[in-house]
Amino acid sequence: MSNQKIITLLTDFGFKDVYVGVMKGVICQINPNLKIIDLTHEIPPQNLFAARFCLQNAYPYFPPETVHVAVVDPGVGSTRRAIAIQLPNGFLVGPDNGIFSGILENLEIENIKVVSLTNSEYWGTKTPSTTFHGRDIFAPVAAHLASGVKLENLGEKINPESLVKLPLNNITFTDSGIAGCVQHIDHFGNIITNISSSYVFGKNWSVIVSNNVDFSAGKTISSGNTYADCKPGELIGIIGSHGFVEIATNGGSAEEQLNLKYGDRVEIHWF
């Protein structure tokens, strides 16, 4: 078994420009033996909720000591902090804007160490660009971390409880079930809620969506086990591979049919 260290990259940069390739070049200049894996570079521009969800769902599938770099950074160049986080199963590097909150919310605070990236010795340049911290700070810091530099050498220790959180609407119980919200819309137009499968396991349930506050007149979507449990073009509620309730269309896009957006309310009714 190889002990080659891994760095993952998640951004909203796309592939039209050279930004992703430049970050990889910076990493390879520091240590060409590191393995770089692209999680995705197709996060919708500046969509922190999409980045939060995708990173949260990728994190458990990597070996210990993997360094995850996430750069969806509307506040680049501002007073927002650049941070590195050490977790029991790896490291996170990126802006302190809530992008890591999906992972952190499931961990005990005593198992988290955080530093602000104030030690320019581990940057790519002493004068980083105000628009490309992915190249000048996050990529080089990740390369040094993956090469064995200790977290505490990268900057000043900060309290994990001070990190910016990106909260979703809380799960609430209703008279007939439970309410949550849209937390992600994937490439296929599947609408993924923040309602865990644990809330519907062993129950008969349906999904209710509405484009206004009156859910009594909302659209009811039956549940099933697979995308094929309904006719082509029909909507269905299922449990996705990520473990959350998902609204899908057999052979189509639920997003196009329902016109729901990030944060919109979704209800589950039990019967």
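Residues numbered from 1 in each chain as written. Predicted model: local features only at pLDDT ≥ 70, side-chain atom pairs only at ≥ 80, totals over all residues. Heavy atoms only, no water.

Visitor: A description of unusual backbone geometry should follow, citing residues and the corresponding values.
Guide: In this structure, E65 is a non-glycine residue whose phi angle is positive, near 75 degrees. We classify E65 as partly exposed; its relative accessible area is 43%. You will see that N259, though not glycine, has its phi angle at about 55 degrees, which is positive. (Buried < 20%, exposed > 50% of the residue type's maximum accessible area, 1.4 Å probe, protein only.)

Visitor: Summarise the sheet that holds strand β5 (residues 90-95); cite the residues concerned and give the values.
Guide: With mixed pairing, 7 strands are arranged side by side in an open sheet as β2-β1-β3-β5-β4-β6-β7. For this open sheet the edge positions go to β2 (35-40) and β7 (156-158), each flanked by a neighbour on one side alone. The average undirected angle you get between the axes of adjacent strands in this sheet is 25 degrees. Where strand β4 (residues 82-87) and β5 come together, 6 bridges link them in antiparallel fashion. Opposite A84, over in β5, you have V93 as the bridge partner. (Pairing = 2+ DSSP bridges. Helix = DSSP H or I, 4+ residues; strand = E, 2+ residues; numbered from the N terminus. Axes fitted to C-alpha atoms, helices over the stretch in contact; angles between N-to-C directions.)

Visitor: Go over the side chain of T66 with me, naming the residues and quoting the values.
Guide: Structurally, T66 can be placed in the loop between α2 (48-58) and β3 (67-71). Relative accessible area serves as the criterion here: at 1%, T66 is assigned to the buried category. Residues within four places of T66 in sequence aside, it is in contact with I6, T8, G90 and F91. (Contact = heavy atoms within 4.5 Å.)

Visitor: Could you give an account of the packing of helix α1 (residues 19-30) against helix α4 (residues 133-146), naming the residues involved and the relevant values?
Guide: Where α1 meets α4, the closest approach of the two axes is 9 Å, and the angle between their N-to-C directions is 40 degrees. With respect to α4, the axis of α1 lies oblique. Considering the relative orientation of α1 and α4, their crossing is right-handed. The segment α1 lies against α4, with V22, M23, V26, I27 and I30 engaging G134, R135, A139, P140, A143 and H144. Classifying every residue of the contact of α1 with α4 gives 8 nonpolar, 2 polar and 1 charged. (Parallel < 35°, antiparallel > 145°, perpendicular 65-115°, else oblique. Left-handed = near helix turned anticlockwise from the far one by under 90°. Nonpolar A, V, L, I, M, F, W, Y, C, P; charged D, E, K, R; others polar.)

Visitor: So what about the packing of aromatic side chains? Which residues, and what values?
Guide: Here the structure, examined in full by the defined rule, presents 6 aromatic pairs. Here F13 and Y19 contribute two aromatic rings whose centre-to-centre distance is 5.8 Å and whose plane-to-plane angle is 70 degrees, an arrangement assigned as edge-to-face. Note on Y19: relative accessible area 38%, which makes it partly exposed. On the basis of an interplanar angle of 75 degrees and a centroid distance of 5.4 Å, the ring pair of Y19 and F132 is categorised as edge-to-face. In this pair, Y19 is assigned in helix α1 and F132 in the loop between β6 (113-116) and α4, connecting sequence segments 113 residues apart. Counting every residue linked through ring pairs, the aromatic cluster contains F13, Y19 and F132. In this structure, K203 packs its charged tip against the face of W270, placed 5.1 Å from the ring centre. (Phe/Tyr/Trp six-rings, centres within 6.5 Å; stacked < 30°, edge-to-face > 60°. Lys NZ or Arg CZ within 6 Å of the ring centre and 35° of its normal.)

Visitor: Talk me through the pattern of salt bridges; I want residue IDs and the actual numbers.
Guide: In the structure shown here, the tally under the stated rule is 8 salt bridges. A salt bridge links E65 to K5; its shortest N-O distance comes to 2.9 Å. In this pair, E65 sits in the loop between α2 and β3 while K5 sits in the segment before β1 (6-11), placing the two residues 60 residues apart along the sequence. Among the residues examined, K5 registers a relative accessible area of 28% and is labelled partly exposed. Residue R81 is joined to D96 by a salt bridge in which the shortest nitrogen-to-oxygen separation is 2.8 Å. Of this pair, R81 sits in the loop between β3 and β4 while D96 sits in the loop between β5 and α3 (101-104); the two residues are 15 residues apart in sequence, bridging distant segments of the chain. Judged by relative accessible area, R81 falls into the partly exposed class, the value being 26%. D96 gets classed as buried once you look at its relative accessible area, which sits at 6%. (Salt bridge = Lys/Arg side-chain N within 4 Å of Asp/Glu carboxyl O.)

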